[in-house]
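# Working through the structure, step by step
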Amino acid sequence: MYALVREFGTSTNDERRDAVGALDDIAGDATHRHPVLHARDDGGALTVLLVDELPTDIPPSTERYEVRLMAGTFAGTAARVFTVQLRSGALQQMVSAFQNFTMRVATGQQGFRGGLLLVDAERDRVLSIGIWEDMARLEASAASGYLADQVSAYLPYFHQTPTERRMRILHP
């Protein structure tokens, strides 16, 4: 499975609908599509479309990732999105640790609903999306020390400090 990801600056509902329409057009030849995830924060919006097969024509403004892990559900109102640039050669170790450790610990956090781990192996880049019941539960996970523990466990894999965004999920 693959993910097509587009990021936008601050957007209105009309712009979001246009973005969804553009992704629908891009994925028009995909054999099977899954639910779309839309989220926004003060800095902009993020749209993720999951497909079983990559479409033939993907514009430069759309990033392509392989879905390495999809667990739980998108039924939440908040998302924590990490964009991570990994050290060369660290991808497989990081993915293994995420599958075997992070998701197990995350499912024990109150309000955690699910997660996606998206990988661009050519660029050693990872997009991690955690879905939370609401923003209060997402914030509580950071205040409890859970988030700091998770990030510090991955420091050996990072080429650069990861970028974290806390976003509201927009339901169509």
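Above: the structure in question.
About the thresholds
- Residue indices begin from 1 for each chain and proceed along its sequence in written order.
- The model is predicted, so local features are restricted to residues of pLDDT at least 70 and side-chain atom pairs to those at 80 or more, both for listing and for counting; the totals for chains, interfaces and linings are taken over all residues.
- With hydrogens and water excluded, all non-hydrogen atoms of the structure serve as input to the side-chain values.
- Relative accessibility under 20% of the residue-type maximum defines a buried residue, over 50% an exposed one, and the middle range a partly exposed one, all with a 1.4 Å probe and only protein chains included.
- Secondary structure elements are taken from DSSP: a helix is a run of H or I of four residues or more, a strand is a run of E of two residues or more, and numbering for both begins at the N terminus.
- When DSSP finds at least two bridges between two strands, those strands are taken to pair.
- Between the N-to-C directions of two axes lies an angle of 0 to 180 degrees, each axis being a line fitted to C-alpha atoms and, for a helix, fitted only over the stretch in contact.
- Each angle is binned into one of four classes, with values under 35 degrees roughly parallel, values over 145 roughly antiparallel, values of 65 to 115 roughly perpendicular, and all other values oblique.
- We call two residues in contact whenever any of their non-hydrogen atoms come within 4.5 Å of each other.
- Buriedness for pockets is judged along seven lines, at least five of which must meet protein on both sides within 12 Å for an open set on the 1 Å grid over protein atoms alone, while cavities are sets there where a 1.4 Å probe fits but cannot get out, and lining residues have an atom within 4 Å of a point.
- Grid points are joined across faces, edges and corners, and a volume is the space filled by probe spheres set on the points.
- Gly counts as polar in this scheme, as do all residues outside two lists: the nonpolar Ala, Val, Leu, Ile, Met, Phe, Trp, Tyr, Cys and Pro, and the charged Asp, Glu, Lys and Arg.

### What about the pairing of strand E3 (residues 44-51)?
With eight of eight residues buried, E3 lies mostly within the body of the structure. Residues Gly44, Leu46, Val48 and Leu50 point to one face of E3 and Ala45, Thr47, Leu49 and Val51 to the other, with burial holding for every one of them. Sheet topology note: the strand E1 (residues 2-8)/E3 ladder contains seven bridges and is antiparallel. Across the sheet, residue Phe8 finds its bridge partner in E3, namely Ala45.

### Some words on the packing of helix H2 (residues 91-106) against helix H4 (residues 146-153)
Between H2 and H4, the least distance of the axes is 12 Å, while the angle of their chain directions is 175°. Considering the angle they form, H2 stands roughly antiparallel to H4. Here Phe101, Thr102, Val105 and Ala106 of H2 lie close against H4, whose contacting residues are Tyr146, Gln150 and Ala153.

### Quick look at unusual backbone geometry
The backbone of Asp124 sits at a positive phi, close to 50°, despite the residue not being glycine. Residue placement: Asp124 occurs in the loop between strand E6 (112-120) and strand E7 (125-132).

### What to know about empty space enclosed by the protein
With the rule as written, the count across this model stands at two cavities of 30 Å³ or more. The space that makes up the largest cavity amounts to roughly 310 Å³. Along the wall of the largest cavity there are 23 residues; nearest its centre are Phe82, Phe98, Thr102, Ser128 and Gln150. Of all the secondary-structure elements, those providing two or more residues to the lining of the largest cavity are strand E5 (78-85), H2, E6, E7 and H4. Class assignment for the residues of the lining of the largest cavity results in 17 nonpolar, five polar and one charged.

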